[in-house]
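Residue strings, one per chain:
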Amino acid sequence: MSPSVPLQEMIRAIRSARTQCEERGVIQRECAAIRAQFRQSDNGGRSHNLAKLLYVHMLGYPAHFGQMECVRMIASPRYSEKRVGYLGAMMLLDEKQDASLLITNSIKNDLSHSNQYVQSLALCTLACMGSAEMCRDLAPEIDRLLRASNSYIKKKAALCAVHIVRKVHDLGEMFAPAARSLLSEKNHGVLHGAVVLITEDTHIHTHILIFEIMKGLVISGYSPEHDVAGISDPFLQVRILRLLRILGHNNEAASDAMNDLLAQVATNTDSTKTVGNAVLYETVLTVLDIKSESGLRVLAVNILGRFLLNNDRNIRYIAMISLQKIVGTDHNAVQRHRGTIVDCLKDQDASVKRRALDLSLALVSASNIRSMMKELLIFLSSCPLELRSQAASGIFIAAERYAPSQRWHIDTILHVLTTAGGDVRDETVPNLIQLITNASELHCYTVHKLYRALLTDISQQSLVQVACWCIGEYGDLLLRGECQETEPVQVSEDDVLDALETVLQSHMSSPATRGFALTATMKLSTRITDNVDRIRSIVSIYGSCIDVELQQRAVEYNALFKKYDHMRLSALLLCLFFPQVCDLLDLLGGSEETLQPSPAAGGTAPGLPANTASTAGGDLLDLLGGLEPAPLTPAPTVQVYEKDGVTLTMSCEKQSATGLTVTLTASNSTESDISSLTLQAAVPKVCNEDTLVTDKLTAPVNLKMRVRISYSSQGSAFQDTIQIDAFPGLSAAGH
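Residues numbered from 1 in each chain as written. Predicted model: local features only at pLDDT ≥ 70, side-chain atom pairs only at ≥ 80, totals over all residues. Heavy atoms only, no water.

Peer 1: Explanation requested: the sheet that holds strand β7 (residues 705–713) in the structure shown.
Peer 2: In sheet architecture, strand pairing relies on hydrogen bonds along the backbone and comes in two forms, parallel and antiparallel. The strand order across the open sheet built from three strands is β6-β7-β8, with neighbouring strands paired in antiparallel fashion. A strand with exactly one partner marks an edge of an open sheet, and here the two such strands are β6 (674–682) and β8 (716–724). Geometrically, the sheet is characterised by an average inter-axis angle of 15° between neighbouring strands, direction not taken into account. Bridge analysis of β7 against β8 gives nine bridges, and the strand direction is antiparallel. Pairing of M705 across the sheet is with I724, part of β8. (Pairing = 2+ DSSP bridges. Helix = DSSP H or I, 4+ residues; strand = E, 2+ residues; numbered from the N terminus. Axes fitted to C-alpha atoms, helices over the stretch in contact; angles between N-to-C directions.)

Given below as structure tokens:
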């Protein structure tokens, strides 16, 4: 290929290359020819060669060797060479390179050139790659050009001044007088440049002039020169609205002055065209960002509501983003568009669905919880997999905050677990267990409902875990078949054990779920009488399970059946075994201070009896190892609690030299009955239950125990917590 081939021929040769290697070969040969011609003193094709080099640069190949050629061509008196030279400078040079300093004097000379197009080239180059030093040196020249009579030059100078202010903010004061004068220009290009310049330096006080320009654009008639789809110069309107947003931010006086103008723009702009929607969107952002009147803010929210009905998904998307930002401050105004927002949950676009979900969850309140939750649950059943976790978490939070009743709360969470049990967070199971524990009047209803759910579907692990826990805790209520809240179902002991055994044997059950099922099966041995042998058989099977956690649990339960069957009931009620690490009721901290009565709701951890609490972990084998049956030693009884007629006494009886049984007795001396009495006991982590009945301790430990007492009397719930530091009849040596 000849070095003198035209630019079009070089482009054609590069495009016809079949491989990248062939393309590199073409470019290398051409670059070598360009270098050779750059070294010639008399080169008539300088602009031609530089143009080819710029194309090579656009393809991503090195072209730095053309920088000095750009400097030489900028200094050329010929316009054709200056044009290519300035273009090359903007593409190949930047403020970090020393070569850029070489063109400062050429730019200064060209800013005073008699040809407006040469002046324009210099202005564009300075605005594109001028360094801070160049800006300081040439700022007076730009200020002079801002006062020129030529509108074309003033427009370019205004945009160049914007770059200078961004580089050296202190120079903004120099351009302030000229910027104010530019606002009286009729040329919209000059006005646009002036508004951008004032936006960069908002200390230029031009509120009134800006208002007048904006009013003129809104109420002016048809102008073919500036009309875009029926909107008068929407680009200038958008720029002015952004400037007003800056001027009115945290400025009450300026905000009051622009309220009428913004209302006029919002009501007079055509919303049927995309151009009009762009102006309206900027108007809404301005209204919401300044200290505007409440009526104007409602108008802005209504505009966003109309955007939600637009066929363009992009417009619906930005509307929901804006509504999400203001739902906290203008909640009632956004609530008026709740129906439209909920309808967006059915949109085919995933991003629109996600924004609609966020906004719908933010609109949930105590007054609309039932209707909104119905829509959200419908959405959950059909939403994309990537949104299920977010939807489930949002529903849980809303239900906990605004639940009209405990039964509704439980039903809602169970619905979510039935629909998306595999997408909920880990804390969902213990939270639901605590909720069920506190709703004592709903235990029968809940266990029946969960039993039915367990028979229907065992694939949702969270639901199965809660169901197993509930059956283990309230299996006696299930077997009675008496439930006023739901249709009674006759369930036999075999039916319940069949359901739990199905969970244990299912390949869909996780190790944690099998742990729940095994613990529930074991707890049922204290609630049923005819199938204890079957329970013993089920438990013994998992003594050789490959899962270490499940195997350990089965071995411990087998020990209760074989070696300590005479105290199996007491062990299951008092020796509390956690399948998950969980500090319950804040009773397990190492604080030395006695806990104060707290109204916080209590609960039990998964896999535990409902009326007990314990520290995390704890091995039943360690708890029971080496313990031999021994006659109980009577011990004195002491009063540990007395308040409002309710008294709690404690007695301690030694099982052996290292074993101890603690008995708590509550009595009522008031005239009114008490119900739902619950005693929950625990010891701190530094002294777990093992210290009460283990032979593995090598040093004395001071025993402590905390007890929570809760009951209902005359329709009110009472709750208190005490700490017991002294055990009657127990010496330090006997610990």
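Text resumes after the structure shown.
Peer 1: Mind showing me how you'd approach the side chain of H409 here?
Peer 2: Its location among the elements puts H409 in helix α23 (residues 406–420). A relative accessible area of 11% means that H409 is categorised as buried. Contacts of H409, omitting those with residues within four sequence positions, involve A399, E400, A403 and L435. (Buried < 20%, exposed > 50% of the residue type's maximum accessible area, 1.4 Å probe, protein only. Contact = heavy atoms within 4.5 Å.)

Peer 1: I would appreciate a short explanation of a negative patch on the surface in the present structure.
Peer 2: There is a patch of like negative charges on the surface, built from E252, D256, D260 and E293. Looking at the secondary structure, you find E293 in the loop between α15 (274–289) and α16 (294–307). For E293, a relative accessible area of 47% corresponds to the partly exposed category. (Patch = residues over 30% accessible without salt bridge, like charges linked within 9 Å, V, L, I, M, F, W, Y side chains within 5 Å. Areas by Shrake-Rupley, 256 points an atom, 1.4 Å probe, with all protein chains shown as cover. Salt bridge = Lys/Arg side-chain N within 4 Å of Asp/Glu carboxyl O. Lys, Arg positive; Asp, Glu negative; His and termini not counted. Charge placed at Lys NZ, Arg CZ, Asp CG, Glu CD.)

Peer 1: What exactly am I supposed to notice about the nonpolar core here?
Peer 2: Looking at soluble globular proteins, one finds that nonpolar side chains tend to be buried together. Counting 174 residues, the largest nonpolar core has I142 and F175 as its most contacted members. Here this core gets eleven residues from one element, more than from any other, and that element is helix α26 (residues 461–480). (Core = buried A, V, L, I, M, F, W, Y, C linked by side-chain atoms within 4.5 Å.)

Peer 1: Before we go on, may I ask you to explain α26 in this structure?
Peer 2: An α-helix turns once per 3.6 residues; consequently, residues spaced three or four apart project the same way. Between its terminal C-alpha atoms α26 stretches 27 Å, which fits the 28 Å expected from 20 residues at 1.5 Å a residue. At Y474, α26 shows its maximal bend, which comes to roughly 80°. By the criterion of burial, α26 is predominantly enclosed, with 17 of the 20 residues buried. The positive-phi residue at the C-terminal boundary of α26 is G481, with phi of around 75°. (Expected span 1.5 Å × (residues − 1). Bend = angle between axes of the 7 residues up to and from the residue.)

Peer 1: Looking at this structure, I do not really get the environment of N310. What am I missing?
Peer 2: With respect to the helices and strands, the residue N310 is situated in the loop between α16 and α17 (313–326). Residues N310 and S271, spaced 39 residues apart in sequence, show a C-alpha to C-alpha distance of 9.7 Å. Among all residues touching N310, those that are not within four sequence positions of it are N277, I315 and R316.

Peer 1: How do you make sense of the packing of helix α1 (residues 7–15) against helix α3 (residues 46–58) when you look at a structure like this?
Peer 2: Between two packed helices, the angle of one axis relative to the other and the distance separating the axes together describe the packing. Close contact between α1 and α3 brings their axes to 10 Å; oriented N to C, the two are set at 25°. Considering the angle they form, α1 stands roughly parallel to α3. For α1 against α3, the interelement crossing comes out right-handed. Two secondary-structure elements touch here, α1 through L7, M10, I11, I14 and R15 and α3 through H48, A51, K52, Y55 and V56. Residue classes in the contact of α1 with α3 are distributed as seven nonpolar, one polar and two charged. (Parallel < 35°, antiparallel > 145°, perpendicular 65-115°, else oblique. Left-handed = near helix turned anticlockwise from the far one by under 90°. Nonpolar A, V, L, I, M, F, W, Y, C, P; charged D, E, K, R; others polar.)

Peer 1: Any chance you could explain unusual backbone geometry here in plain terms?
Peer 2: Note: most residues except glycine have negative phi, and most peptide bonds are trans. Here A229, not a glycine, exhibits a phi torsion of approximately 55°, which is positive. Its location among the elements puts A229 in the loop between β1 (227–228) and β2 (231–232).

Peer 1: Hey, could you run me through the pattern of salt bridges in this one?
Peer 2: Any two side chains of opposite charge can pair if their charged atoms end up close together. By the definition in use, this model includes 27 salt bridges. A salt bridge links E185 to K154; the nearest nitrogen and oxygen atoms lie 2.3 Å apart. Taken as a pair, E185 in the loop between α10 (172–182) and α11 (188–200) and K154 in helix α9 (residues 151–167) lie far apart in primary sequence, 31 residues in all. The residue D347 makes a salt bridge to R316 at a minimum N-O spacing of 2.4 Å. A residue pair is termed long-range when its members are at least 10 positions apart, and D347 in the loop between α19 (338–343) and α20 (350–363) and R316 in helix α17 qualify at 31 residues. The buried category is assigned to R316, whose relative accessible area is 9%.

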